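Here are the chains, one letter per residue:
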Amino acid sequence: MYGYYGALASEPSSACATRTKKLLSLLWFGTSLDACFFKEETLRLVSRLLLLLFFSSVLLTMSAAAQTIRVDIMPGHATNRFIPNQTLGAGIDRIPVAAIDKDIDPATIQQVLAAGWQPITYRQNTELSVEAWHWNPNGAWSDPRGKGYFTGSSTSATMIRHSYGYELPHRGFTRNDGVDISGYSRLTDGDRSTYWKSNPYLTRRFTGEEDVLHPQWILLDLASLQRADAIRVAWAEPYAKNFAIQYWTGLDPIRYPTLGIWQTFPHGVVQEGSGGTQTIRVADAPFPVRFVRIWMTKSSNTCDSHGAADPRNCVGYAIRELYFGTVTPDGEFHDIVRHTPDQEQTATLCSSVDPWHAPSDLKNTRQAQMGFDLFFTSGVTRGLPAMVPVAMIYDTPDNAAAEIAYLEARKYPISYVEMGEEADGQYMSPEDYAALYLQWATALHKVDPALKLGGPSFQGTNADILTWPDANGNASWFTRFLNYLRSHHRLDDLAFFSFEHYPYTPCQIPWSSLYEEPALVSHIVQVWREDGLPAKTPMFITESNLSAAATETYMDIFSGLWLADYIGSFLNAGGNAVYYFHDLPLQIERGCNGSLGTFGMFTVDANYKIQQLLAQFFASQLINREWVQPGDKVNRAYAATSDIQDGAGNTLVTAYALHRPDGQWALMIVNKDQENAHKVRIVFAGQGQTQESFSGPVQISIFGKAQYAWHPVGLLPMAHGDSTNLAMQPAYPVGVARPDGPILHATQTANSTTRYDLPPASIVVVRGVVQNVPQ
């Protein structure tokens with residue numbers, strides 16, 4: 001190179017060659033210049049070009065050298081220790097009856113178990129639908145006439161294959177975060193023969209506390225601001241003697257409970273009311289309100305329509321119908337509430353619901369909870385102890401105690417008992433949930449004092465759960481729940497804390513959402529500890545996946561990368577157990593934006609025969625069979641960091657390190673860079689300045705775009721068509737994975753200079769021995 005440019009420089013400056021002009025001007029300016037360069041200018045430009053090339057090569061070399069994953073193996077720096085067959089599990093929910101009967105086919109169970117998930121949590125779905133759970137179809141009613149409060153039999157002569165939820169006839173919800181498409185509230189159904197009634201177990205007779213400490217409420221949502229000045233309440237028995245009628249000053253009191261206050265109407269306080277139908281002029285003139293609440297603190301304790309034989313019929317509060325509007329000078333009341341027995345009624349919410357019901361309230365037998373006998377004998381539990389639920393929000397302590405007695409009589413192994421399901425999504429106050437929790441704990445520990453009880457199985461959330469502030473201004477749901485247990489000297493009854501993890505809003509999941517997961521799950525772990533969860537109390541995620549709606553994102557390789565990142569992050573943050581959802585195969589369902597997806601690891605045909613393995617199946621295998629050492633021995637987690645980022649500072653490569661009981665080190669590495677591969681060094685940083693590396697043969701397992709790609713189907717537009725009909729007969733009715741695995745396995749001989757290939761959008765597990773580190 002020097003000879004060529006030296007020759008150019010030695011030419012007389014008065015005779016600059018045309019080729020020189022063109023070469024240099026094109027290289028530096030991108031165009032040809034007409035003027036002849038002087039020798040000095042030529043040399044200057046050439047020098048700048050050479051410097052540019054030199055520094056570019058230096059930067060490229062530095063960039064390559066910077067791609068390093070560093071594992072902190074300093075003594076005492078382990079971030080977690082766990083036993084896989086107690087820590088890495090999966091969940092089974094209420095599903096179609098046909099799915100239950102076909103999913104337990106031995107061939108299907110074998111494929112499910114091949115994913116490697118270990119303990120199972122039995123999810124209790126009926127409470128999300130405001131239903132009472134008959135875990136055993138056989139049992140006794142509290143009322144000799146065959147209705148009332150149901151207690152399942154603690155014995156059974158036949159196998160329990162299915163169990164069902166019964167709708168509650170005293171429901172006060174139009175919809176909530178568990179049920180939003182079926183059922184209706186009895187508060188605005190237009191039928192005065194029906195009524196809402198609060199939960200009797202939240203009254204002094206059962207809590208031992210004054211009713212004012214557990215106020216009950218109903219909330220009316222007028223959908224938009226309405227000018228009004230009057231309310232009409234058709235009370236049932238028992239009615240509220242002391243109550244206040246209030247309006248919300250902010251936006252949405254449920255979604256934003258701290259951005260506003262409940263303001264009592266000028267004439268909204270009633271003391272020593274007498275029930276019946278009351279019309280109350282709450283203001284002197286109409287003014288705009290949307291959300292209205294009745295806050296009840298003293299009951300008449302008179303008996304409802306079910307009679308005085310059962311004391312539960314004679315406590316709490318009951319309302320037949322609600323009306324809201326204006327009173328004109330002639331004394332006429334003008335109602336603006338829509339009264340209809342469906343989801344189009346003016347919506348209401350409530351603090352609790354009486355679990356009284358009758359056999360006729362069994363409406364849906366197409367879906368079921370798997371019967372406990374089938375659950376424990378089908379093979380799905382691997383014979384390991386399982387987490388089982390008891391219904392609590394809409395049930396009785398007697399029914400819960402009978403359930404545990406039944407399971408223990410049959411010697412089914414129980415690891416933990418989860419108390420109720422998603423109390424926050426049922427808008428229950430923390431003090432009310434805690435009061436029920438202690439009653440149920442007392443009943444269950446009478447059956448077996450060694451039971452490990454926990455909850456509250458929060459909905460998937462990325463931040464602290466807030467509720468209306470108490471008298472001290474405390475709005476943290478979890479802090480107040482813990483404070484209630486502490487004040488009653490019963491914190492030890494919380495043997496574990498559970499919550500769910502669905503981090504993303506459905507149909508708002510760009511690729512960059514992957515960058516957020518490690519911070520999201522680590523943050524929420526920190527939030528619960530800061531809320532007051534004792535360090536000794538284990539923390540479980542008992543249900544988890546991408547989002548609350550199954551869409552095409554679940555089918556894409558995105559979901560596999562997310563799963564690996566999530567599991568690694570939660571364990572690295574100190575989490576104690578995690579359960580993937582859903583373990584058994586389900587049909588494809590329609591999510592938002594017309595997108596098709598499924599919770600789970602497989603596509604199936606109409607008979608639930610597995611057709612294809614999905615991205616989360618392969619990710620599950622990498623986690624459970626390649627990264628951890630399966631079994632009952634301790635794996636130790638260590639922090640690992642990478643310096644690979646995009647231009648916006650997002651970390652593109654995350655890594656999770658384990659020291660396994662077999663002495664090997666394993667790194668699960670997630671490359672979230674969609675289009676770019678990376679070559680990385682792996683360094684184990686010990687005491688002082690020592691750095692070690694893998695040595696000798698290492699096992700490498702790779703799952704990326706070369707192993708899996710989902711091809712969705714485009715649905716045909718249908719004006720007023722059957723939105724549930726997915727069989728529109730395109731080439732692939734639901735889409736197809738092509739390729740569809742398998743995981744690529746390889747062996748590589750490693751030393752301190754080895755670079756490891758990370759294909760675009762991939763999970764890579766590297767496993768082997770680290771030199772000079774005790775095994």
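That block above? That's the structure.
Note that the structure is a prediction, hence the values are computed from the model and not measured. (Residues numbered from 1 in each chain as written. Predicted model: local features only at pLDDT ≥ 70, side-chain atom pairs only at ≥ 80, totals over all residues. Heavy atoms only, no water.)

### Structural notes on the overall build of the chain
Across its full length, the chain holds 15 helices and 42 strands. Taken over 775 residues, the chain has a buried fraction of 56%. A separation threshold of at least 6 residues defines the contact pool for the chain, and within that pool the share at least 24 residues apart is 78%. Within the structure as shown, the chain displays about 31,200 Å² of accessible surface, and the carbon and sulfur contribution to it stands at 53%. (Helix = DSSP H or I, 4+ residues; strand = E, 2+ residues; numbered from the N terminus. Buried < 20%, exposed > 50% of the residue type's maximum accessible area, 1.4 Å probe, protein only. Contact = heavy atoms within 4.5 Å. Areas by Shrake-Rupley, 256 points an atom, 1.4 Å probe, with all protein chains shown as cover.)

### Let's talk about the sheet that holds strand E40 (residues 744-750)
Taken in spatial order, the 7 strands make up an open sheet running E2-E31-E33-E34-E42-E37-E40, and their pairing is antiparallel. Every interior strand has two partners, whereas the edge strands, strand E2 (80-82) and E40, have only one. Between one strand and the next, the sheet's axes are offset by a mean angle of 25°, whatever the strand orientation. Of the strand pairs in this sheet, strand E37 (residues 696-703) and E40 are connected by 7 bridges, and their pairing is antiparallel. Within the sheet, the bridge partner assigned to glycine 696 lies in E40 and is alanine 750. Lying over the sheet, helix H15 (residues 615-627) contacts strand E33 (653-659), strand E34 (665-671), E37, E40 and strand E42 (762-768), oriented at roughly 15° with respect to E42. (Pairing = 2+ DSSP bridges. Axes fitted to C-alpha atoms, helices over the stretch in contact; angles between N-to-C directions.)

### Here we look at H15
Along its 13 residues, H15 runs 17 Å from first to last C-alpha, staying within 8% of the 18 Å computed at 1.5 Å per residue. Judged by how many residues are buried, H15 sits mostly within the fold: 12 of 13 residues are covered. (Expected span 1.5 Å × (residues − 1).)

### Focus: the nonpolar core
Judged by nonpolar contacts, the single largest core of 175 residues is most densely connected at Met419 and Trp627. Here this core takes 10 residues from helix H14 (residues 557-572), the largest share from any one element. Beyond its immediate chain neighbours, meaning those up to four positions away, methionine 419 contacts Val390, Met392, Tyr433, Tyr437, Trp440, Ala441, Leu444, Leu453 and Gly454. Ile69, Trp665, Ile669 and Phe694 belong to the second-largest nonpolar core, a separate cluster that totals 27 residues. (Core = buried A, V, L, I, M, F, W, Y, C linked by side-chain atoms within 4.5 Å.)

### Regarding the environment of leucine 744
Looking at the element boundaries, leucine 744 is found in strand E40. Among the residues examined, leucine 744 registers a relative accessible area of 41% and is labelled partly exposed. For leucine 744 and glutamine 707, which are 37 residues apart along the polypeptide, the C-alpha to C-alpha distance reads 7.5 Å. Excluding residues that lie within four positions of it along the chain, leucine 744 makes contacts with Ile700, Ser701, Ile702 and Gln707.

### Digging into the side chain of threonine 461
Mapped onto the elements of the fold, threonine 461 is located in the loop between strand E23 (453-458) and helix H11 (477-487). A polar contact of 3.0 Å, which involves the side chain of threonine 461, links it to the backbone oxygen of alanine 463. If we skip the residues at most four places from it in the chain, threonine 461 touches Glu500, Ile524 and Trp528. (Polar contact = N/O pair within 3.5 Å; in protein donor to acceptor, adjacent residues only side chain to side chain.)

### A short note on the state of the cysteines
With the rule as written, the count across this model stands at 2 disulfides. Through a disulfide, cysteine 303 is tied to cysteine 314; the S-S separation comes to 2.0 Å. Negative torsions about the S-S bond denote left-handed disulfides, and the value of about 100° found for cysteine 303 with cysteine 314 makes this one right-handed. In this pair, cysteine 303 sits in the loop between strand E16 (287-299) and strand E17 (318-327) while cysteine 314 sits in the loop between E16 and E17, placing the two residues 11 residues apart along the sequence. Given the relative accessible area of 10%, cysteine 314 is considered buried. The side chain of cysteine 507 participates in a disulfide bridge whose partner is cysteine 592; the two sulfur atoms lie 1.8 Å from each other. On the S-S bond that ties cysteine 507 to cysteine 592, the torsion sits near 110°, and the link is right-handed. With cysteine 507 in the loop between strand E24 (496-501) and helix H12 (517-530) and cysteine 592 in the loop between strand E27 (589-590) and strand E28 (596-597), this residue pair connects regions lying 85 residues apart in the sequence. For the chain, the disulfide bridges join cysteines in the arrangement 1-2, 3-4, where the cysteines are counted in sequence order. (Disulfide = S-S within 2.5 Å.)

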